[in-house]
Amino acid sequence: MQLNRIETPVVIIGAGPAGAATSIYLSKQNIRHVIIDKDVFPRDKVCGDACGGKTTAVIHHANPEWVTEMRQRSNVFQPSWGMTVVAPNGKRLDIPYSAKMPESAEAKGFIVPRMDLDNFLFEKLPSPYCTIFQGARVERMSNDADGVTVTIKHNGATYEIKAKVIVGADGDKSIVRKHFLSGITTAKTEAIGLRAYYEGITEMHPHSFIELHYFKEIPEGYFWIFPLPDGRANVGIGMLSATVREKKVNLREVMLKAIKTNPRIAHRFKNARLLDKIQGWGVPVYTKDRPISGNNFILCGDSALMVDPFSGEGIGNAMFSGMLAANAIKKAVDAKDYSEGFFKKEYETEFYKELGAELKHNGKLQRVFRYQWVFNMVFNKAYKSITLKRLIICMFTDISLQKQISKPSFYLKVLFNR
Ligand SMILES: Cc1cc2nc3c(=O)[nH]c(=O)nc-3n(C[C@H](O)[C@H](O)[C@H](O)COP(=O)(O)OP(=O)(O)OC[C@H]3O[C@@H](n4cnc5c(N)ncnc54)[C@H](O)[C@@H]3O)c2cc1C
C-alpha cells in the first residue's frame, strides 16, 4: 500500500477546544501544521457545556467577530450572566460575573452544547497553514533527536507525518501523554461526571445563571443545572472518583433520586423530560504542577490534566493553554529550538504563571468545601452580614480575593464574626 509522507513543523492530535485553539493561533502566526482527530465533526463530548469568561476572551483575542457571531446566534449560544451556588443547608447565593447587570453589560459566560461549540471552533480551522484529518486513526508514534513521526490511517490511506513538535490535545485519555510521560502520568482521572439533557425544568434564573447545588447526599461533589436555549438544560452531577470508589456510589441513581425526591429541586422537574441518554466521562482536574512539555512535545487541555478543581471549568483552560502553546511554538520555530528546556521556559512556566495561582487556590477551596459544615457555616453567616456576602460574591470572580478564602484564618474570622 502507498505511504503518503508529510513534513510539517507541527502536528496536533485532537481538535477539541485545546487543539482548535492551538491551530487557530498557529495559523494567525503563519505556522504550518497538521491537525488530526479520530472523530468526524460535528461530534459530541460529555460536558456541562458552561463556558466562562476565559473561553470568550481566547475566542475574542483570536477574532472579535467570532464573539459577535456567537452573540448573534443566541438560539445556540445561551448567554449567562452569573452563577447561583446553593449550600447543603439550602442557603443560596447569586453571583453575577460582572458588577453590571444584563441591561448594561454583555454576558461574560455562555452555555452551548459541545456538539455546537466544538463544531463552531472546528469550522474556523481551515487556513493556508492548516491541514486537517478528521476521522483518522493514529497507528504509531515515535520520536528521535530530529522530532516526532506519527503514522495515521485516513480513508483507507496511510500517512507518515514528520514534525518538529507534537501537541497533545487529545483529551483525558491522551495517547501523547502516555507516549512521552508514561512513567509519571496518572491513569485515572480525579473526578467523574454524568450529563443529561432535559427540557421543561421550571424556575430557571431570569438571567440564565448556571446553578451549582451542594446536597448532603452528594459528598465531595455537586449537582448542576445549566440553562440552554429553547427551555432545555444541561443537568449533571460530578464527584471525586475516590469517593465514588470508596463509598461505592452509583452516580446515576444518586442523580435520578435527587431529581425525583430532593425537596429543593424535585418540583422543578415535575413536568421535565429527559431528551437523551445519561452519559458519563472522567474529569481530569488539576491536583499539582506537573510536567506538561518536554523534548518535541507540548500537552494542552485535558491531556495536561488542567480542569479547575472547584468550578470544573476545563474548556477555558484548554483553549488558553492552546493559545500559549501556539505562542511558544512560534518562538521555538524562530529559534529552531524544540528542546525540553525551551518549552519548559516558554510554555510550562508561562502556563503556571498565568493559571497556576487560580488552579491552586481553587484546589484549596474544593478541599475546604468538602466539609459541608464549613460550607453551611460560611453561607449562614453570609446571610447575616451584607459585607461578608459581598466579599464571598467577589471571591468567586476575583483571584486576588480567592487567596483569602483558601486561608484557614478566613474561616476562623467568619466563625467568630471578625
Ligand atoms: C461530565 C463533565 C462535565 C464538564 N463540565 C464542564 C463545564 O461545564 N465547563 C467546562 O469548562 N468544562 C467542563 N468539563 C471539562 C471539559 O469537558 C474538558 O476540560 C474539555 O473538553 C477539554 O478540552 P480538550 O480539547 O482538552 O479535550 P476534549 O474536549 O476531550 O477533546 C479532545 C479531542 O481529541 C480527540 N482525540 C482523542 N483521542 C484521540 C486520538 N487517539 N487520536 C486523534 N484524536 C483523538 C477527541 O476526539 C476530541 O475531539 C466537564 C467534563 C465532564 C466529563
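Residues numbered from 1 in each chain as written. Predicted model: local features only at pLDDT ≥ 70, side-chain atom pairs only at ≥ 80, totals over all residues. Heavy atoms only, no water.

**A word on the site of the ligand**
- Near the ligand, the surroundings consist of 36 residues, among which Asp 37, Gly 48, Ala 50, Arg 114 and Asp 302 are the closest.
- Note that an oxygen atom of the ligand is positioned 2.6 Å from one of the side-chain N or O atoms of Asp 37.
- Contact with the protein chains removes 92% of the 1000 Å² of surface that the ligand exposes when unbound.
- Counting only elements with at least two residues in the shell around the ligand, the list comes to helix H1 (17–28), strand E2 (33–37), strand E14 (221–227), strand E17 (279–283) and helix H8 (315–335).
- If one sorts the elements of the shell around the ligand by residue count, E17 sits on top with three residues. (Near = heavy atom within 4 Å. Polar contact = N/O pair within 3.5 Å; in protein donor to acceptor, adjacent residues only side chain to side chain. Areas by Shrake-Rupley, 256 points an atom, 1.4 Å probe, with all protein chains shown as cover. Helix = DSSP H or I, 4+ residues; strand = E, 2+ residues; numbered from the N terminus.)

**A short note on the domain arrangement of the chain**
- Split into domains, the chain comes out as domain 1 (3–44 + 117–187 + 286–365), domain 2 (50–111 + 191–283) and domain 3 (370–415).
- Counting residues at the interface gives 19 residues for domain 2, matched by 12 residues for domain 3.
- Carbon and sulfur atoms make up 70% of the surface buried where domain 2 meets domain 3, a total of about 1400 Å² over both sides.
- The interface formed by domain 2 and domain 3 contains zero salt bridges.
- Taken together, the connections running from domain 2 to domain 3 amount to five residue pairs in polar contact (both at pLDDT 80 or more).
- Elements represented by at least two residues in the side of domain 2 that touches domain 3 include exactly strand E5 (82–86) and strand E6 (92–96).
- Looking at the side of domain 2 that touches domain 3 element by element, the count peaks at five residues for E6.
- Looking at the side of domain 2 that touches domain 3 residue by residue, the class counts come to 13 nonpolar, one polar and five charged. (Domains from an automatic or database assignment. Contact = heavy atoms within 4.5 Å. Buried area = accessible area lost by both parts, 1.4 Å probe. Salt bridge = Lys/Arg side-chain N within 4 Å of Asp/Glu carboxyl O. Nonpolar A, V, L, I, M, F, W, Y, C, P; charged D, E, K, R; others polar.)

**Side note on the pattern of salt bridges**
- Inspection of every chain in the model, using the stated rule, returns 20 salt bridges.
- Ionic pairing is found between Glu 350 and Lys 353, a salt bridge with its closest N-O pair at 3.2 Å. Residue Glu 350 and its partner Lys 353 are both found in helix H9 (residues 340–368); the two are separated by three residues, about one turn of the helix.
- Overall, the relative accessible area of 24% leaves Glu 350 in the partly exposed class. (Buried < 20%, exposed > 50% of the residue type's maximum accessible area, 1.4 Å probe, protein only.)

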